Amino acid sequence: MAVDAPEYAVPMALSHLQGTTFGPIPLRVSPEKVAEYVAATKADRERWVDHAPPSYAGALLFVVAPEFLSRDDVVDHTRVLIHADQKFSWHRPISIGAAIEVTGQIARVRSRGSISFVTFDVAVVGHEGPLIESSSTFLLGAEPAAEPGDRAEPLVTAGTSWDPGWGLDAEGHLASVGRGASRLDLVRYAAASGDFNPIHFDHDAARAAGVDGVVVHGLLMTAWMLDVAAATSER
């Protein structure tokens, strides 16, 4: 017996949002929040006592991004939501305890049918001037993606693998290291970073977005790489 797929009304395009600004949002880089982020990314706690890790820029992105993604005229476009691309520029370290302001702006909107690519720029400033500039590309879909594969839902604690250290090989090149995260780890990272996109911890939501199951946050993987790079640069 054939079952008709549900029909979704395609909402109005998002082009009217181009140029919209969010913020500035003032906040303090609290030791507690930085410590929570460092623990969630499994960074070196002894290194990040005076300054936040460079990857903390990802958490600052999600100080303002939810204001955009939760708008009434945007929510219907987030049946599929993927953080497709990210670029950061760091001007100076982020001091723990510093007072900062975070401002977001929709720099560009490109739409093709029910799919929209939104370029979302963020500026973080402190009392000394610019700290971080970033540019993200969000892929938003107003209709569920095609049916993905049939990967079974993983256990909440499955998927964790971790090499305890890293090092350089005989030629001075960075040796390979293993990093992994369980769904529980991904929920912890979501809480620490503010990135609660359900494709990272909800199996059904991930499948509805067109992937086989939950996927690790791209910015969490970036945090792993930056942590190793920061340690390597000190050698």
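**Student:** How should the overall build of the protein chain be read in this particular structure?
**Tutor:** Of the regular secondary structure elements, the protein chain holds five helices and five strands. From first element to last, N terminus to C terminus, the protein chain shows the α and β order β-α-α-β-β-β-β-α-α-α. Taking all 235 residues of the protein chain together, the buried fraction comes to 38%. A fraction of 70% describes how many contacts in the protein chain between residues 6 or more apart in sequence connect residues 24 or more apart.

**Student:** Quick question: what am I supposed to make of the pattern of salt bridges here?
**Tutor:** A side chain of one charge can pair with a side chain of the opposite charge when the charged atoms of the two come close. In total, this model carries six salt bridges according to the counting rule given. When the shortest N-O distance is used, the salt bridge between R47 and D227 registers 3.6 Å. Separated by 180 residues along the polypeptide, R47 in the loop between α1 (31-41) and α2 (57-69) and D227 in helix α5 (residues 218-233) bring together distant segments of the chain. Under the relative-accessibility criterion, R47 is labelled partly exposed at 22%. One salt bridge connects R188 with D185, and the closest N-O pair in it is separated by 3.2 Å.

**Student:** I'm lost on the side chain of S134 in this one. Help?
**Tutor:** Note that S134 resides in strand β5 (residues 129-141). Those residues in contact with S134, other than ones at most four positions away along the chain, are Q86, K87, F88, F120, D121 and V122.

**Student:** Would you mind going over α1 with me for this structure?
**Tutor:** Here α1 has its buried residues at V34, Y37, V38, A40 and T41. Projected down its long axis, α1 carries its buried residues within an arc of 165°, all on one side. Just beyond α1, the residue with positive phi is K42, at close to 60°.

**Student:** How should the packing of aromatic side chains be read in this particular structure?
**Tutor:** The description of an aromatic ring pair rests on the distance of the ring centres and on the angle between the ring planes. Across all of its chains, the model carries eight aromatic pairs by this definition. Seen from their ring centres, F22 and F68 are 6.3 Å apart, and the 55° between their planes marks the pair as tilted. One end of the pair, F22, is in strand β1 (residues 21-28); the other, F68, is in helix α2, with 46 residues separating them in the sequence. Looking at F68, the relative accessible area reads 0%, which means it is buried. Geometrically, the ring pair formed by F68 and F138 is tilted, given 6.4 Å between the ring centres and 50° between the ring planes. You can see F68 sitting in helix α2 and its partner F138 sitting in strand β5, a full 70 residues away along the chain. By the burial criterion, F68 is buried, and F138 matches it. Taken together through their ring pairs, the aromatic side chains of F22, F68, F120 and F138 make up a single cluster.

**Student:** Any chance you could explain the sheet that holds β1 here in plain terms?
**Tutor:** Backbone-to-backbone hydrogen bonds pair the strands of a sheet. The strands run either parallel or antiparallel. The five strands are arranged β1-β3-β4-β5-β2 in an open sheet whose pairing can be described as antiparallel. Each edge of the sheet is formed by a strand with only one pairing partner; in this case those strands are β1 and β2 (80-90). Across the sheet, the mean angle from the axis of one strand to that of its neighbour is 20°, orientation sign disregarded.

**Student:** Would you explain empty space enclosed by the protein in this entry?
**Tutor:** Summed over all chains, the structure comprises two cavities of 30 Å³ or more. Lining of the largest cavity is provided by T41, A43, W48, P53, P54, S55, A223, L226 and D227. Sort the elements by how many residues they give to the lining of the largest cavity and α5 lands first, with three residues. Split into classes, the residues belonging to the lining of the largest cavity amount to six nonpolar, two polar and one charged.

**Student:** I keep staring at the pairing of strand β3 (residues 99-112) and nothing clicks. Help me out?
**Tutor:** Looking along a regular strand, one sees the side chains alternate between the two faces of the sheet. Judged from the six bridges that link them, β1 and β3 form a sheet pairing that is antiparallel. Residue P26 lies in a different strand from β3, and its bridge partner there is E101. Bridging between β3 and strand β4 (residues 115-126) involves 11 bridges; their strand directions are antiparallel. Residue pairing in the sheet places V102 in a bridge with V124 of β4. Remark: two residues form the turn of the hairpin made by β3 and β4, two consecutive strands paired antiparallel; G113 in that turn has positive phi of roughly 65°.

**Student:** Looking at this structure, how should I read unusual backbone geometry?
**Tutor:** Leaving glycine out, the prevailing phi sign among residues is negative, and the prevailing peptide bond configuration is trans. Looking along the chain, the bond that leaves G23 and enters P24 is cis, with omega of 5°. If you trace the backbone, P24 turns up in strand β1. The phi dihedral of K42 falls on the positive side, at around 60°, and the residue is not glycine. If you trace the backbone, K42 turns up in the loop between α1 and α2. With relative accessibility at 35%, the residue K42 sits in the partly exposed group.

Analysis parameters
Residues numbered from 1 in each chain as written. Predicted model: local features only at pLDDT ≥ 70, side-chain atom pairs only at ≥ 80, totals over all residues. Heavy atoms only, no water. Helix = DSSP H or I, 4+ residues; strand = E, 2+ residues; numbered from the N terminus. Buried < 20%, exposed > 50% of the residue type's maximum accessible area, 1.4 Å probe, protein only. Contact = heavy atoms within 4.5 Å. Salt bridge = Lys/Arg side-chain N within 4 Å of Asp/Glu carboxyl O. Arc of directions from axis to C-beta. Phe/Tyr/Trp six-rings, centres within 6.5 Å; stacked < 30°, edge-to-face > 60°. Pairing = 2+ DSSP bridges. Axes fitted to C-alpha atoms, helices over the stretch in contact; angles between N-to-C directions. 1 Å grid on protein atoms, 1.4 Å probe; cavity = no way out; pocket = protein on both sides within 12 Å on 5 of 7 lines; lining within 4 Å. Points joined across faces, edges and corners; volume = space filled by probe spheres on them. Nonpolar A, V, L, I, M, F, W, Y, C, P; charged D, E, K, R; others polar.

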